[in-house]
Amino acid sequence: MNEDLKQSVDFAYALCAEVEKTLQNTITLHKPLKQLLQTELLVYAMYLSDSDERIRHSESHFLQDYLGYDYSPGEVRSFLQKLDRDQFSRTIPYVFSLFVKADNILYERHRKISLASNALYEIYEALGIEMISIDDDVDLQEYQDLIRYLKMLRLYLDNHLDSSKNNSIVH
């Protein structure tokens, strides 16, 4: 297991509390943000694990090691049968959009640049790279799905993160 990645995922969970504080009075969450992020990262990892149309035990162990979910390859496959892969690959994760919103609130209120959404992007990137390479066989489709998804997230940041639009941060 990549301990740096595990610590990064845990850091993202810790950031959720700060993002919730920033967003209070602007949105109502029905579940803790950390729980929502865990679920979104799980679906993302499952999505990538199925890109090569094979879900291996190493990939299901990845879900346990990094995200705390213990699913067999069969259970992952069963879940993914209900997932619209095309729609998923074009939809910004809700928590990701909330991180951007929180960064924008801090920027608007205090001209303070928060890098929470950029940190979350980097976690998506690192988690995705680790996921597609966990079985020591990076399939072209896995790589293309990862790159397409990351491009979507980066484009969202570029178009919606106020500090980025104002050239206040460099990526």
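Before any of the text, the structure's been laid out above.
If you're wondering where the values come from, they're calculated on a predicted model, not measured in any experiment. (Residues numbered from 1 in each chain as written. Predicted model: local features only at pLDDT ≥ 70, side-chain atom pairs only at ≥ 80, totals over all residues. Heavy atoms only, no water.)

Colleague: Could you give an account of helix α2 (residues 33-49), naming the residues involved and the relevant values?
Modeller: Relative to the 24 Å expected for 17 residues at 1.5 Å per residue, α2 spans 24 Å between its end C-alpha atoms, a close match to the ideal helical length. Most of α2 sits out of view: 13 of its 17 residues are buried. (Helix = DSSP H or I, 4+ residues; strand = E, 2+ residues; numbered from the N terminus. Expected span 1.5 Å × (residues − 1). Buried < 20%, exposed > 50% of the residue type's maximum accessible area, 1.4 Å probe, protein only.)

Colleague: Go over helix α3 (residues 57-67), please, and point to the residues and values.
Modeller: For α3, the set of buried residues is Glu59, Ser60, Phe62, Leu63, Tyr66 and Leu67. On an axial view of α3, the arc spanned by its buried residues comes to 145 degrees, and they lie on one face. Positive phi shows up at Gly68, right after α3, with a value of about 80 degrees. (Arc of directions from axis to C-beta.)

Colleague: Describe the pattern of salt bridges, and please don't skip the residues or the numbers.
Modeller: When charged atoms on two side chains of opposite charge get close, those side chains can pair. Under the definition given, this model contains six salt bridges. Among the ionic pairs, Arg85 bridges to Asp50, the shortest N-O distance being 3.9 Å. Linking Arg85 in helix α5 (residues 85-88) with Asp50 in the loop between α2 and α3, this pair joins segments that are 35 residues apart in sequence. Residue Arg85 pairs with Asp145 through a salt bridge whose shortest N-O separation is 3.0 Å. On the criterion of sequence distance, the pair formed by Arg85 in helix α5 and Asp145 in helix α8 (residues 140-160) is long-range, its members being 60 residues apart. For Arg85, a relative accessible area of 25% puts it in the partly exposed group. Exposure remark for Asp145: the relative accessible area of 3% places this residue in the buried category. A single salt-bridge network, built from bridges that share partners, covers Asp50, Arg85, Asp145 and Arg148. (Salt bridge = Lys/Arg side-chain N within 4 Å of Asp/Glu carboxyl O.)

Colleague: Which residues make up the packing of α2 against helix α6 (residues 94-110), and what are the values?
Modeller: The interhelical angle for the contact between α2 and α6, taken along N-to-C directions, is 130 degrees, at an axis separation of 8 Å. The angle between the axes of α2 and α6 places the two elements in the oblique class. From α2, Leu33, Leu36, Leu37 and Glu40 reach across to α6, where they touch Tyr94, Val95, Phe96, Leu98 and Phe99. (Axes fitted to C-alpha atoms, helices over the stretch in contact; angles between N-to-C directions. Parallel < 35°, antiparallel > 145°, perpendicular 65-115°, else oblique. Contact = heavy atoms within 4.5 Å.)

Colleague: Please give an account of the packing of aromatic side chains that cites residues and values.
Modeller: In this structure the tally under the stated criterion is 10 aromatic pairs. Each ring, one from Phe62 and one from Tyr66, has its centre 4.5 Å from the other, and the planes form 40 degrees; the classification is tilted. Here Tyr66 and Phe62 lie together in helix α3, a separation of four residues that amounts to about one turn. Here Phe62 falls in the buried class, since its relative accessible area comes to 1%. (Phe/Tyr/Trp six-rings, centres within 6.5 Å; stacked < 30°, edge-to-face > 60°.)

Colleague: Describe in detail the side chain of Ser49, supporting the description with residues and values.
Modeller: Within the secondary structure layout, Ser49 lies in helix α2. With residues near it in sequence (within four places) discarded, Ser49 still touches Arg54, Ile55, Glu59, Val76, Leu80, Met131 and Glu142.

In short, the description is geometric, and any link to function would need to be established separately.
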